[in-house]
Amino acid sequence: MNAVMKESQATDASQVETLDVLVVGAGFSGLYQLDRLRDLGFSVKIYEAAPQLGGVWYWNCYPGARCDTHGPMYQLGLKGLWQDWEFNELFPGWDEIRKYFEYVDQKLDLSRDIRYSTRVEGAHFDEASHRWIVRTDTGRVAHARHLVLCTGIGSRPYQPDFPGLSDFKGQVYHTARWPQGGVDFTGKRVGVIGTGATGVQVIQELGPVVDHLTVFQRTPNMALPMRQRQLNHEENEALKVGLAEKYAKRARTFGGYEYDFFDYAGESAEGLSHAEILARYEDYWAEGGFVPWLGNFAQIWTDEKLNTVAYEFWRDKVRQRIKDPRTAEKLAPTVPPHPYGVKRLSLEQRYYEVYNEPNVALVDLLETPIERITAEGVQTRDGAVHPLDALILATGFDMVTGGLTQMEIRGSNGHTLKEHWQGGVSAYLGSMTTGFPNMFFVYGPQAPAGLSNGPSSSELHGEEIVQLIEFLHRQNRTRIESTPQADQAWRQRIDEYAAGTLFGKAESWYMSANVPGKARQMINYPRGIPDYLQQWREVKARGYGDFRLA
Ligand code: N01
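**So, the domain arrangement of the protein chain**
Next, step 1: Under the domain assignment, the protein chain is made up of domain 1 (3–156 + 399–549) and domain 2 (165–231 + 254–393).
Next, step 2: Of note, the centres of domain 1 and domain 2, computed from C-alpha atoms alone, are 29 Å apart.
Next, step 3: Tallying the contact residues gives 40 residues for domain 1 and 41 residues for domain 2.
Next, step 4: A per-residue breakdown of the area domain 1 buries against domain 2 is headed by Tyr62, Asp68 and Leu502, which together make up 20% of the total.
Next, step 5: Here domain 1 and domain 2 share two salt bridges between them.
Next, step 6: For aspartate 68, the salt bridge is made with arginine 344, and the minimal N-O distance between the two is 2.9 Å.
Next, step 7: Seen at the junction of domain 1 and domain 2, the total is 19 residue pairs in polar contact (both at pLDDT 80 or more).
Next, step 8: At the level of elements, α3 (56–59) and α17 (528–541) are the ones that each hand at least two residues to the side of domain 1 that touches domain 2.
Next, step 9: Examining the composition of the side of domain 1 that touches domain 2, we find that three residues originate from one element, α17, more than from any other.
Next, step 10: Class assignment of the residues belonging to the side of domain 1 that touches domain 2 gives a composition of 20 nonpolar, 13 polar and seven charged.

Okay, here's the thing in structure tokens:
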């Protein structure tokens, strides 16, 4: 810590700024914090590593990258911004979402308080002043009363340690660090490792473009039909009817969407016959998007029998679209590889048809795992070398915590956040952790984050942080901290709930199981946004007394 102190003291004074709040990250969450806190009169800045707005949408500009939420609901509800904005597609792509961010910037005049191309490298808490001293890769330093971390859930790419990767003669790309100018794969032999939400999008986009595509699949994705469509002005206007109410409804639905689990409306699958359940599934399927998942029965997360019904419905729908029975068995196996919906589903437009094309091959890594990467391509355990000109790693992220722990943030006891969470995360209300006073997470660990619509959580969770900072200011409090008891109780609440579900039966990032060495635990708040906001209401009613205030 002393070294850090010296480093910050040695910095050129013109590079130091004193702030009420420093926000890290200029995605949905960061922008909401900036706008709200600035309106309340706080001095606020955002430090953003990218040269532009957009957070995850800046880095993830791989072919086919698009959001899995209807455009009208994939916006901030703030200040009626949605009234003057139109997307050209129901599920907008990364380039349109970037334009949306530019629009928000222009409307709210945000960029004047954002330091772009400024990566936060570390921070430490100064007990004398009750401030965070934050250092960056540009030499700029902030002394901030509050540090609000809006680094998103997918900001640190995860690249498995494939032996021989550096021997490969072709190009290697990670989807989350895609070249901004794009890549031309015409006439190339391309390999994609990973079939998560990202892999599915890349694969369906590149299949028709490349000379040959080899997909390396470990776990099949239970992808759902996106039901994408183009939107003209009239359709955009029609989608705006009732949108204000839908924004209000986000606080009352599990995932912050305009729809909810069927049984959250007081109904249950129990009174329905098998045929009635299937009829309902046909409706969900026709609607597409995440409706067959987060509009399903919540019971599918706890009731294995009902879950199997949902899986078999999905499997049978998908298999009709795949010509080769062997490939069909790999993409949609007879026996579920894990329960339906407890690992992130993807939305697809033509994913399964891609495998009917003669230039696309599927390699089942469960049958024959990757042995090593050679100069020519990917060698699997059966001895085969799959020749490639380019290799795309769609292997995901050190989800939720990676963006936080990659910064050297030292708390009041001198430990880094990474050390603090070595044995697993505990973060009270998904917002604070003991030993790190005046530091908040938005849309981060143990909050609804990954089980919710991003913009909804950014606002609803973000608003709780805004109100808390405002409260501290009004009360003249300069220090707030979570307690070990509150952190542990929050973790226990999540662990116990998750233990009663089927989430533990899948190796997924929801359970922090996608990165070797990470402590296995449910990393999102799995009880939905209304329950989450209720916890905040109760804490507020106690005058935020669960926190240690000074
Ligand atoms: O990452 P993932 P992602 N050898 O971790 C495979 C959000 N998102 O970037 O499943 C071989 O889900 C791994 O296999 P397995 C969304 O929240 C949103 O796709 O572990 N394969 C898996 O197939 C999403 O959930 C959007 O067996 C290996 C893949 O790589 C989250 O980001 C779009 C491997 C990783 O899948 C992450 O999605 C995209 C290895 N050693 C992403 N290691 C939209 O809104 C990993 N894999 C549209």
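Following the structure, the description resumes.
**Points about the sheet that holds strand β12 (residues 360–364)**
Next, step 1: In spatial order, the strands read β7-β16-β8-β9-β12; together these five strands make up an open sheet with parallel pairing. Each edge of the sheet is formed by a strand with only one pairing partner; in this case those strands are β7 (171–174) and β12. Adjacent strand axes in the sheet meet at a mean angle of 20° when their direction is disregarded.
Next, step 2: Note: strand β9 (residues 212–217) against β12, five bridges, orientation parallel. Within β12, the residue paired with valine 215 across the bridge is leucine 362.
Next, step 3: Seen against the sheet, helix α5 (residues 197–206) touches β8 (189–193), β9 and β16 (390–393) and runs at an angle of roughly 160° to β8.

**Things to note about the pairing of strand β1 (residues 16–24)**
Next, step 1: Pairing of β1 with strand β6 (residues 141–149) involves eight bridges; the strand directions are parallel. Looking across to β6, one finds that valine 24 is bridged to leucine 149.
Next, step 2: Bridge count between β1 and strand β2 (residues 44–47): four bridges; the pairing is parallel. Note that in β2 the partner of valine 21 across the bridge is valine 44.
Next, step 3: For the segment spanning β1, helix α2 (residues 28–39) and β2, crossover handedness is right-handed.

Thresholds applied
- Residues numbered from 1 in each chain as written.
- Predicted model: local features only at pLDDT ≥ 70, side-chain atom pairs only at ≥ 80, totals over all residues.
- Heavy atoms only, no water.
- Domains from an automatic or database assignment.
- Contact = heavy atoms within 4.5 Å.
- Buried area = accessible area lost by both parts, 1.4 Å probe.
- Salt bridge = Lys/Arg side-chain N within 4 Å of Asp/Glu carboxyl O.
- Polar contact = N/O pair within 3.5 Å; in protein donor to acceptor, adjacent residues only side chain to side chain.
- Helix = DSSP H or I, 4+ residues; strand = E, 2+ residues; numbered from the N terminus.
- Nonpolar A, V, L, I, M, F, W, Y, C, P; charged D, E, K, R; others polar.
- Pairing = 2+ DSSP bridges.
- Axes fitted to C-alpha atoms, helices over the stretch in contact; angles between N-to-C directions.
- Right-handed = clockwise from strand over helix to strand, strands pointing away.

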